[in-house]
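The lines below spell out each chain.
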Amino acid sequence: MDRSTRMLLLAGWGLLALAQRVGASNYPFARLSEEIQALQRRYPRLIQVSSIGQSVQGRELWLITLTDLEAGPPEAKPALFVAGNLEGHHVSASAMVLGIARQLAESWSRSDSVRELLGRRTFYLLPRANPDGAEQAFGPPRWEQTANLLPWDEDFDDSVDEDGPEDLNGDGWITQIRVPDPDGDYIADPEDSRVLRRIDRAKGEVGQYKVYLEGIDNDGDGQYNEDGPGGIHLDRNFPHAYPYHQPGAGRYQLQAPEARAIVDFLLAHRNVAAVLSFCLHDNLLSPPQSSRQATEAREREEVSPPPGVRGPRRPRQPATTVHPEDAVYFQRAAHVFRTMLGAPEKSLLELPKPEGAFYEWAYFHYGVPSFATPGWYPSLEETRPSGPDTARGDGGNQREVERRRPTRPVRQSSEASQPSPDLQWLRWLERCAGGAGFLSWTPFRHPQLGQVEIGGFLPGARVNPPDSLLPDLVHRHARFCAELARWLPQVELDSVTVKPLAEEVFRLSVRVRNQGYFPTVLAHAAQARAVKPTRIEIETEAQLLSGTRITFLDPVPGSRSAKAEWIVRGKKGQSVKITVIAEKAGTVRRVVRL
């Protein structure tokens, strides 16, 4: 395929093209709400829609519950919770989560595997966790709002939200202002003057520009746009590794009503056995460290008891590394994810260190396998996806998918002359998006700064993929979600036997099997007591000579079983009701007779 044809195929970028265009990721709240409600009307047997709370400005946090309702209630099945758009400007995550729901629902009628899956599993899908922040991406004007819109005093002047951005040139976007100033911290990149690079004063470099967000100094403090609308960054407000007193983290954990609503929902729905977060963090391209490294890290987190005091080693602080016995699940999930998505080894995305992140809270506090992905991995070293695309449930059209994806490699510079991150992004946008996503610098007479230039990267350009890539990404993520749901633990009664030992004395043996891949309780969850152990309850009028009416089992690994026995005195034909209850793996019941 020649370059011009490829550019035409990739040029349809809804969010980052003209403001009046509506693309697949262009879902203002009203349209997103309608799409979600329409999905329920179309698939009433499979989909329920509810709200788990409201944003600061009163927008509903819509939840899609996806399962075969005729095969049992949602809360009775192991569930996968999928959340998106925790960062306001990451609106493509909403399109992906909504697309996953639509893809699975559409596949139910034509795919036996999806039909069976929705009969045994539940999907809870939250397309937009931060609706207020996301709404700013659709304007007017369009700008990059990561946090929610809780009024906030960013510059500690006892006023809130008093100095936000303005669309000075009236183009519908909030971009950047670059001001010629030798005291500035930026210079034009020598390889492309459109891109700015931070100077290194230790090398004697002299600045050329100061850079501000587009707007004026509303409060006359000499700073520009330092106290705009909002707020709290949701993915810095959860109770794990919480960054106290840091920008965007809030005054306390779960201060953001949107974050609190997510936690409240999960605590009320203990059947959620795994979490997938579409956010600006990742542990699928770069999974947690190996078992040996995790063991060493865990040992560093523990201390021996004081001298003269007998007892086991006690944790010094909450765990911050994945338990070594759990690492294998993260490693395998990462391998399957990379294969299904066709992800490169390295991405242009610069993702922050997780602090107060939702996906880490879900593992360390809630106790389930928890995964995070930005949803796409742009790279100048594009790779072809491997394996058939079966997310649609009909096998897909892999040749057409390959035709649509950019595959022509671009030779990277050597490490010594590696382009700056912004320059790499500009090259990627020109190559894969027809240049959409970057606004050329244009002169402007600023009322306070004088002659300046306005331009730079458009809001969201470096976190949201072109709309032309979204259909393929949705197919692949839907396929991964289906696979992840199949891995959830599922208890079954493998066998129940009654053996006479003497007159009116019997041995009752029960073998419980985990049909999934994940264990009934992760090693960390067992250590942190975050998940209740699986238990077997016995109800009978017969007398138990050994064993108890409630028996707790150790975690049952995937495709393995656990056995429990009782000695019972009773009359022949007397009934015994057996109930196996696993918080994350379902409940099974059976009645046997002595």
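Because the structure is a prediction, the values reported are computed rather than measured.

Asker: Any chance you could explain the sheet that holds strand β3 (residues 79–84) here in plain terms?
Answerer: The pairing of strands in a sheet happens through backbone hydrogen bonds and is either parallel or antiparallel. Read from one edge of the open sheet, six strands run β1-β2-β4-β3-β9-β12, paired in mixed fashion. Since the sheet does not close on itself, it has two edges, and those belong to β1 (47–54) and β12 (370–373), each with one partner. Strand-to-strand twist across the sheet, computed as the mean angle between neighbouring axes with direction ignored, equals 20°. Here β3 pairs with strand β4 (residues 122–126) via five bridges, running parallel. Counterpart to Val 82 in the pairing with β4 is Leu 125.

Asker: Just checking my understanding: could you explain the environment of Lys 584 for this structure?
Answerer: Along the chain, Lys 584 falls in the loop between β21 (575–582) and β22 (586–593). Sequence spacing of Lys 584 and Pro 78 is 506 residues, and the spatial spacing of their C-alpha atoms is 5.7 Å. Residues contacting Lys 584, with those up to four places away along its chain left out, are Pro 78, Arg 270, Asn 271, Val 272, Ala 273, Tyr 366, Val 368, Pro 489, Thr 520 and Val 531. Polar side-chain contacts of Lys 584 include one of 3.0 Å to the backbone oxygen of Val 272. Looking at Lys 584, its side chain comes within polar contact range of the side chain of Tyr 366, at 3.4 Å.

Asker: Would you take a moment to explain the pairing of strand β13 (residues 438–446) for this structure?
Answerer: Put simply, side chains in a regular strand alternate between the two faces of the sheet. Relative to strand β14 (residues 450–457), β13 is paired through seven bridges, and the arrangement is antiparallel. Each bridged residue has a counterpart across the sheet, and for Pro 443 the counterpart in β14 is Glu 453. Counted between consecutive antiparallel strands, the loop separating β13 from β14 contains three residues.

Asker: Could you clarify how one ought to interpret the sheet that holds strand β15 (residues 491–502) in this entry?
Answerer: In space, the four strands of this open sheet follow the order β15-β16-β20-β18, with antiparallel pairing throughout. Two strands close off the open sheet at either side, each with one partner strand: β15 and β18 (543–546). Each strand of the sheet is rotated relative to its neighbour by a mean of 30°, with strand direction disregarded. Summarising the sheet, β15 and strand β16 (residues 505–514) pair through 10 bridges and their orientation is antiparallel. Residue pairing across strands places Thr 497 opposite Ser 509, the latter belonging to β16.

Asker: When you look at unusual backbone geometry in this model, what are you seeing that I'm missing?
Answerer: With the exception of glycine, the majority of residues adopt a negative phi angle, and the majority of peptide bonds are in the trans configuration. Residues Gly 139 and Pro 140 are joined by a peptide bond in cis, for which omega reads -5°. The omega torsion of the bond from Gly 230 to Gly 231 falls at -15°, within 30 degrees of zero and hence cis. With respect to the helices and strands, Gly 231 occurs in the loop between β8 (209–213) and α6 (257–268). The phi dihedral of Arg 529 is positive, around 55°, even though this residue is not glycine.

Asker: What should I look at first to understand the packing of aromatic side chains in this one?
Answerer: The description of an aromatic ring pair rests on the distance of the ring centres and on the angle between the ring planes. If you walk through the whole model with that rule in mind, you get 23 aromatic pairs. Plain terms: the ring middles of Phe 330 and Tyr 363 are 5.4 Å apart, the flat faces sit at 85° to each other, and that makes the pair edge-to-face. Taken together, the residues Phe 330 in helix α8 (residues 327–341) and Tyr 363 in helix α9 (residues 358–364) connect sequence positions 33 residues apart. Across the pair, Tyr 363 and Phe 330 agree in class, each one buried. Where Trp 487 meets Phe 518, the ring centres are 5.8 Å apart and the plane angle is 80°; that geometry is what we call edge-to-face.

Asker: Looking at this structure, I do not really get the packing of helix α4 (residues 112–120) against helix α12 (residues 470–486). What am I missing?
Answerer: Two numbers describe how α4 lies on α12: the axes approach to 11 Å, and their chain directions differ by 50°. Relative to α12, the element α4 lies oblique. In this structure, α4 crosses over α12, and the sense of that crossing is left-handed. Two secondary-structure elements touch here, α4 through Ser 113, Val 114 and Leu 117 and α12 through Ala 482, Ala 485 and Arg 486. For the contact of α4 with α12, a count of residues per class yields four nonpolar, one polar and one charged.

Asker: Help me out: how do you make sense of the pattern of salt bridges in this one?
Answerer: Any two side chains of opposite charge can pair if their charged atoms end up close together. Counted under the stated rule, the structure contains 27 salt bridges. The residue Arg 507 makes a salt bridge to Glu 565 at a minimum N-O spacing of 3.8 Å. You can see Arg 507 sitting in strand β16 and its partner Glu 565 sitting in strand β20 (residues 561–569), a full 58 residues away along the chain. Glu 565 gets classed as partly exposed once you look at its relative accessible area, which sits at 39%. Between Lys 563 and Glu 565 there is a salt bridge; the shortest N-O distance is 3.2 Å. Residue Lys 563 is classed as partly exposed on the basis of its relative accessible area of 46%. Here the salt bridges share partners, and the residues they tie into one network are Arg 31, Glu 35 and Arg 102.

Criteria and cut-off values
- Residues numbered from 1 in each chain as written.
- Predicted model: local features only at pLDDT ≥ 70, side-chain atom pairs only at ≥ 80, totals over all residues.
- Heavy atoms only, no water.
- Pairing = 2+ DSSP bridges.
- Helix = DSSP H or I, 4+ residues; strand = E, 2+ residues; numbered from the N terminus.
- Axes fitted to C-alpha atoms, helices over the stretch in contact; angles between N-to-C directions.
- Contact = heavy atoms within 4.5 Å.
- Polar contact = N/O pair within 3.5 Å; in protein donor to acceptor, adjacent residues only side chain to side chain.
- Phe/Tyr/Trp six-rings, centres within 6.5 Å; stacked < 30°, edge-to-face > 60°.
- Buried < 20%, exposed > 50% of the residue type's maximum accessible area, 1.4 Å probe, protein only.
- Parallel < 35°, antiparallel > 145°, perpendicular 65-115°, else oblique.
- Left-handed = near helix turned anticlockwise from the far one by under 90°.
- Nonpolar A, V, L, I, M, F, W, Y, C, P; charged D, E, K, R; others polar.
- Salt bridge = Lys/Arg side-chain N within 4 Å of Asp/Glu carboxyl O.

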